[in-house]
Amino acid sequence: MVRLLKNLIFPFSAIVGQERVKKALVLNAINPSIGGVLIKGDKGTGKTTAVRALADLLPPLKVIKGCSFNCDPDDPVSFCDSCKADESGEIQFEEKKMRVVELPLGATEDRVVGSINIEKALKEGTKALEPGILADANRNILYVDEINLLDDNLVDVLLDAAAYGINTVEREGISLAHPSNFILVGTMNPAEGELRPQLSDRIGLQISVQSIMDIGDRVKIMGRREAFENNPNAFREEFSEYQNQILENIIEARKLLPKVKVSPDMMKVIAQLCVDMGVDGHRADIAILKTSKTLAAYYKHEEVESVDVEEAAALVLGERFHKKSLDEEKIKKQIKNAENEISQENTGDDKKKPQKMRKVNKKRGE
């Protein structure tokens, strides 16, 4: 039975509860530029199961045959040095299943970024790269469990790769680069220490999860796990229709995403909300904008609405909202206030606007 289960993944649609985690993962599958997911919570709450299940659900990747970096044959700009140097004129491609590449806490920097094959460089006079974890992770999911315990030097490497989508290896005067675009998923238990602000700020969505306390749901979790272990193929077949529906939704949302528009007024709503929350910098504004557009595509409408901004703000700024003792109803109120202020500006009624602004500011305790 152990051998049988090794290559079979629990279906994404069969996971009970943890809706926010599943939604965050799906949104990143639709739009990887959101910047990944940070999941905070206790062990045993299904975080790893959800990540592996998502990779198993997604369609295979089209890659250049024989490329160690999973280069996309339809995107020559992102080719690695080896693919760019190929002058055969004929690119062969193959399909690979999307994978979850794990970054272990004890990994060395060379294991993560890769290393230069010095022997080949000296003997043959050619630059050769021994691929590392970031090479494997290109166009896949990079999963870091207990990311808050990761060594600082590896955090810096992740920051650079995530920011530029390129991993550069420099050893012994030789420099090589390859694409490294991945969906970063980090998990952590806050009781074991906080995450470095530099990394936390770079991850798009932040979700807090707790153990499910509803007795009915806990019984359902046990029942589904037992059914999966007893007959995994039959269990996966039972959920195949739901799996196909989720996959279809993701593919349709990917197609719709480039068409989604955001009005200037809605951008002002996002900016006003971030100002009211006291958010430092502008990354949160951009993350909320990208997430709002992705949510709009997911819900199959071509223009971002206030409900999309509400949900996006909760996903991007979730932990910071809790620090300010804000619940979802107060988030909605903040957005409504921002909309009112923008509406006042658009009326051009200069006499009423200052009075209205004073009333709103008073309500916020300013």
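Above this text you will find the structure in question.
Computed from a predicted structure; not experimentally measured.

Student: Please give an account of the pairing of strand 10 (residues 183-188) that cites residues and values.
Tutor: Burial within strand 10 is extensive, with 6 of its 6 residues counted as buried. A two-sided burial pattern is seen for strand 10, the buried positions comprising Ile 183, Val 185 and Thr 187 on one face and Leu 184, Gly 186 and Met 188 on the other. Sheet analysis places strand 1 (residues 37-41) next to strand 10, joined by 4 bridges and oriented parallel. If you follow Val 37 over to strand 10, its bridge partner there is Val 185.

Student: Tell me about the nonpolar core, residues and numbers included.
Tutor: Burial of nonpolar side chains together is a common tendency in soluble globular proteins. In this structure, Phe 12, Leu 25, Leu 54, Ile 141, Val 185 and Ile 288 are the most contacted members of the largest nonpolar core, which totals 61 residues. A total of 7 residues in this core trace back to one element, the largest contributor, which is helix 2 (residues 19-30).

Student: Help me get a handle on the pattern of salt bridges, residues and values and all.
Tutor: Applying the stated criterion across every chain yields a total of 9 salt bridges. For Glu 19, the salt bridge identified is with Lys 22, shortest N-O distance 3.4 Å. Pair noted here: Glu 19 and Lys 22 are both in helix 2, with a separation of 3 residues, about one helical turn. Of the charged contacts in the structure, one is a salt bridge between Arg 52 and Glu 102, with a shortest N-O distance of 2.1 Å. On the criterion of sequence distance, the pair formed by Arg 52 in helix 3 (residues 47-57) and Glu 102 in strand 4 (residues 100-102) is long-range, its members being 50 residues apart. You can call Arg 52 partly exposed: its relative accessible area is 31%. Given the relative accessible area of 39%, Glu 102 is considered partly exposed.

Student: Any chance you could break down the packing of helix 13 (residues 264-276) against helix 15 (residues 306-316) for me, citing the residues and the numbers?
Tutor: Running from amino to carboxyl end, helix 13 crosses helix 15 at an angle of 30°, the nearest separation of the two axes being 11 Å. By the criterion of interaxial angle, the relationship of helix 13 to helix 15 is roughly parallel. With respect to the hand of their crossing, helix 13 and helix 15 are arranged in right-handed fashion. Contacts from Met 266, Val 269, Ile 270 and Leu 273 in helix 13 reach Ser 306, Val 309 and Ala 313 in helix 15. Residue composition of the contact of helix 13 with helix 15, grouped by class: 6 nonpolar, 1 polar and no charged.

The rules behind these values
- Residues numbered from 1 in each chain as written.
- Predicted model: local features only at pLDDT ≥ 70, side-chain atom pairs only at ≥ 80, totals over all residues.
- Heavy atoms only, no water.
- Buried < 20%, exposed > 50% of the residue type's maximum accessible area, 1.4 Å probe, protein only.
- Helix = DSSP H or I, 4+ residues; strand = E, 2+ residues; numbered from the N terminus.
- Pairing = 2+ DSSP bridges.
- Core = buried A, V, L, I, M, F, W, Y, C linked by side-chain atoms within 4.5 Å.
- Salt bridge = Lys/Arg side-chain N within 4 Å of Asp/Glu carboxyl O.
- Axes fitted to C-alpha atoms, helices over the stretch in contact; angles between N-to-C directions.
- Parallel < 35°, antiparallel > 145°, perpendicular 65-115°, else oblique.
- Left-handed = near helix turned anticlockwise from the far one by under 90°.
- Contact = heavy atoms within 4.5 Å.
- Nonpolar A, V, L, I, M, F, W, Y, C, P; charged D, E, K, R; others polar.

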